[in-house]
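# Observations on chain architecture
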Amino acid sequence: MNTRGLRSQLKDSVPVTGLCPQAGPYGVQDSLRRGFSSVKNELLPSHPLELSEKNFQLNQDKMNFNTLRNIQGLHAPLKLQMEYRAARQIQRLPFLPSSNLALDTLRGSDDYIGFEDILNDPVQSEMMGDPHIMTEYKLGVL
Amino acid sequence: MATVSVCQYHPGGFSFENCKRNALLEADITKLGFSSPAARKTGTTICGVVYKDGVVLGADTRATEGMVVADKNCSKIHYISPNIYCCGAGTAADTEMTTQIISSNLELHALSTGRLPRVATANRMLKQMLFRYQGYIGAALVLGGVDCAGPHLYSIYPHGSTDKLPYVTMGSGSLAAMAVFEDRYRPNMEEEEAKHLVRDAIAAGIFNDLGSGSNIDLCVITKGKVDYLRPHDVANKKGVREDNIDGRPVTGSYRYKHGTTGVLTKVVIPLNLEVVEESVHTMDTS
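All residue numbers refer to positions counted from 1 along the written sequence of the respective chain. Labels follow written order: the first chain is A, the first ligand is 1, and so on. This being a predicted model, a pLDDT of at least 70 is required before a residue's local features are given, and a value of 80 or more before pairs of side-chain atoms are given or counted; all residues contribute to the totals for chains, interfaces and linings. The basis for the side-chain values is all heavy atoms of the structure; hydrogens and waters are excluded.

Convention followed: UniProt positions are given in the numbering used here, feature names are shortened, and annotations may be inferred rather than shown by experiment.
Named according to an unreviewed UniProt entry, chain B is Proteasome subunit beta originating from Culter alburnus. Taken verbatim from the UniProt record of chain B, the Catalytic activity (unreviewed entry) comment is "Cleavage of peptide bonds with very broad specificity." Turning to chain B, the UniProt record has this under Subunit (unreviewed entry): "Component of the proteasome complex."

Under an unreviewed UniProt entry, the name given to chain A is Proteasome maturation protein, and the organism recorded is Culter alburnus. Taken verbatim from the UniProt record of chain A, the Sequence similarities (unreviewed entry) comment is "Belongs to the POMP/UMP1 family."

### Structural notes on the overall build of chain A
For clarity, the threshold we go by: A run of DSSP states H or I qualifies as a helix once it reaches four residues; a run of E qualifies as a strand once it reaches two. Both are numbered from the N-terminal end. The classification of residues rests on relative accessible area computed with a 1.4 Å probe and restricted to protein chains. Under 20% of the type maximum is buried, over 50% is exposed, and intermediate values are partly exposed. The contact criterion used is simple: two residues touch if any of their non-hydrogen atoms lie within 4.5 Å. Method for areas: the Shrake-Rupley scheme with a 1.4 Å probe, in which residue coverage is limited to the protein chains shown.
A count of helices and strands for chain A gives eight helices and zero strands. Sorting the 142 residues of chain A into buried and exposed places 21% on the buried side. Counting only contacts in chain A whose residues sit at least 6 apart along the sequence, the fraction spanning at least 24 positions is 53%. A total accessible area of about 10,300 Å² is found for chain A, and carbon and sulfur atoms account for 58% of it.

### A closer look at the overall build of chain B
For clarity, the cut-off: All radius of gyration figures rest on C-alpha atoms, and the globule criterion is 2.2 Å times the number of residues raised to 0.38. Counted charges follow a simple rule, with Lys and Arg positive, Asp and Glu negative, and His plus the chain ends left uncounted. Positions of charges follow a simple convention, taking NZ of Lys, CZ of Arg, CG of Asp or CD of Glu.
Helices and strands together make up the secondary structure of chain B, namely five helices and 15 strands. The C-alpha atoms of chain B give a radius of gyration of 29 Å, which is well past the 19 Å a tight globule of 286 residues would have. Based on the C-alpha atoms only, the size of chain B along its principal axes is roughly 95 × 70 × 45 Å. The buried share among the 286 residues of chain B stands at 41%. A separation of at least 24 residues holds for 59% of the contacts in chain B among residues at least 6 apart in sequence. Accessible surface, chain B as shown: approximately 17,500 Å² in total, 55% of it carbon and sulfur. Averaging the locations of the 29 positively and 30 negatively charged side chains of chain B gives two centres separated by 5 Å.

### Thoughts on the side chain of Lys-76 of chain B
Residue and element names in this part refer to chain B. Filter applied, for reference: In the analysis that follows, any N or O atom pair within 3.5 Å is treated as a polar contact, provided that within protein one partner can donate a hydrogen and the other can accept it, and provided that, for residues neighboring in sequence, both atoms belong to side chains.
Within the fold, Lys-76 resides in the loop between strand 5 (68-71) and strand 6 (77-81). In terms of polar contacts, Lys-76 uses its side chain to reach the side chain of Thr-44, at 3.0 Å. Polar contacts involving the side chain of Lys-76 include one to the side chain of Asp-60, which spans 3.0 Å.

### Some thoughts on helix 4 (residues 174-184) of chain B
Residues and elements named next belong to chain B. Let me state the cut-off plainly: What the arc covers is the set of directions going from the helix axis to the C-beta atoms.
Residues of helix 4 that are buried: Ser-174, Ala-177, Val-180 and Phe-181. In a view along the axis of helix 4, the buried residues occupy a sector of 130°, so they form one face of it. Exposed residues lying more than 90 degrees from the buried face of helix 4 are Leu-175, Glu-182 and Asp-183. Looking at the packing, one finds that the buried side of helix 4 touches strand 2 (46-50), strand 11 (167-170) and helix 5 (191-208).

### Examining the packing of aromatic side chains
This is how it is decided: Aromatic pairing here means that ring centres of Phe, Tyr or Trp (its six-membered ring) are within 6.5 Å. Orientation follows from the plane angle: under 30 degrees is stacked, over 60 is edge-to-face, and everything else is tilted. Charges are assigned to positions over rings by a cutoff of 6 Å between ring centre and Lys NZ or Arg CZ, combined with an angular limit of 35 degrees from the ring normal.
This model, assessed by the stated rule, comprises eight aromatic pairs over all chains. One aromatic cluster is present, built from ring pairs that chain together Phe-115 of chain A together with Phe-14 and Tyr-133 of chain B. In this structure, Arg-132 of chain B packs its charged tip against the face of Phe-56 of chain A, placed 3.6 Å from the ring centre. One Lys or Arg, Lys-164 of chain B, reaches over the ring of Tyr-154 of chain B and ends 5.6 Å from the middle of that ring.

### A few points about the UniProt feature "active site" (unreviewed entry) in chain B
Residue and element names in this part refer to chain B. Here the UniProt-annotated "active site" (unreviewed entry) positions come out as Thr-44. Its place among the elements puts Thr-44 in the loop between strand 1 (41-42) and strand 2. A residue is classified by how much of its surface remains accessible, and Thr-44, at 0% relative accessible area, is buried.

### Points about the packing of helix 4 of chain B against helix 5 of chain B
Residues and elements named next belong to chain B. This is how the line gets drawn: Angles here are taken between N-to-C directions and fall from 0 to 180 degrees, while the axes themselves are lines fitted to C-alpha atoms, restricted in helices to the stretch in contact. Should the near helix be turned anticlockwise from the far one by less than a right angle, the crossing is termed left-handed; should it be turned clockwise, right-handed. Polar here means any residue other than Ala, Val, Leu, Ile, Met, Phe, Trp, Tyr, Cys and Pro, which are nonpolar, and Asp, Glu, Lys and Arg, which are charged; Gly is therefore polar.
Look at helix 4 against helix 5: their axes get within 7 Å of each other, and the N-to-C directions meet at 145°. In this structure, helix 4 crosses over helix 5, and the sense of that crossing is right-handed. Contacts between helix 4 and helix 5 pair Ala-176, Ala-177, Val-180, Phe-181 and Arg-184 from the former with His-196, Leu-197, Val-198, Asp-200, Ala-201, Ala-204, Gly-205 and Asn-208 from the latter. When its residues are assigned to classes, the contact of helix 4 with helix 5 shows eight nonpolar, three polar and two charged.

Written out as structure tokens, the structure is:
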């Protein structure tokens, strides 16, 4: 559930990822791995909600950590973020979708159903990356 | 076409990939003079009233698609939990999916707390979800139920604002229904009086608003009991076609009755035919 504190809004604002291209090793769009890009797609959002939806989970986490910091002190969000980082590392092989069960349990979204569970479920995605290339990319060999 | 070799998994939820394409198509289509298909809406009259022992929710049953009636008997009172029901106006798919999601979440929440869910919880969940989508989910809801703290009634607007009131109306026929409420509402009514008031308010919406029509559904929620009356009142009965006149089917029959034209003379000439040749052709069934 949302936990919002008014005072947390006064803290320094946190930068939020926009539609900037996924830069490859040379700072430009990596066409081989991510496909062709178009300037218009990166500069303007195609829908007013696109940016806010893309960053929704990020913003929620940041707000919650800010409130937690104001209530319990700096140690609380630090410990939690350490646990999040550990839970985020539990993944399947690179080309398979993972359930993120540990991360969900930590966040409290394991008993919450939203549109992300009903629409565009990544488990039912029709596209899959080539296993060899994905593993090589993950290991940095490619 | 080049294929992407490294596939990033999308997190799920709404996908905005086709928005630019749709905007271009929309512009092209309007240039040609056509219009893109309209979403099915429930141009509606929904209302609710708090009475002595609980809550009465009422709704009409017409669903429209532009200027055409898409469904003459749709159900607009949705189940949220055993003691909470929700009427929905606006885009039909949005109200359906939103109420189903909130119903599931409330069930999980109730299992986690071990208590009967409260109406304020459902209200908070709905308003947070609708505000997140900034009004793009077109669902205007009337949420009512009875929990441990008594009967509650909320109205929830598509952008996420809510009002907690003793009587509320929503939808295109809300003004007609509100007029009836403002005239005849009084606190702590009896059940029959409350049901009659809601029925009259919905009927006012049905007869004075083009977007509402057909029957009146009622839902009476009290502590421990829910009466889902569907239909409570068939205000608009569809006419019945005359099927039979004097034993003859009338629909689409152009035959005249025997004896319509008087017979003056009758001449019968028998034709004697001889069978000359008889042959049987077998059908090719291979």
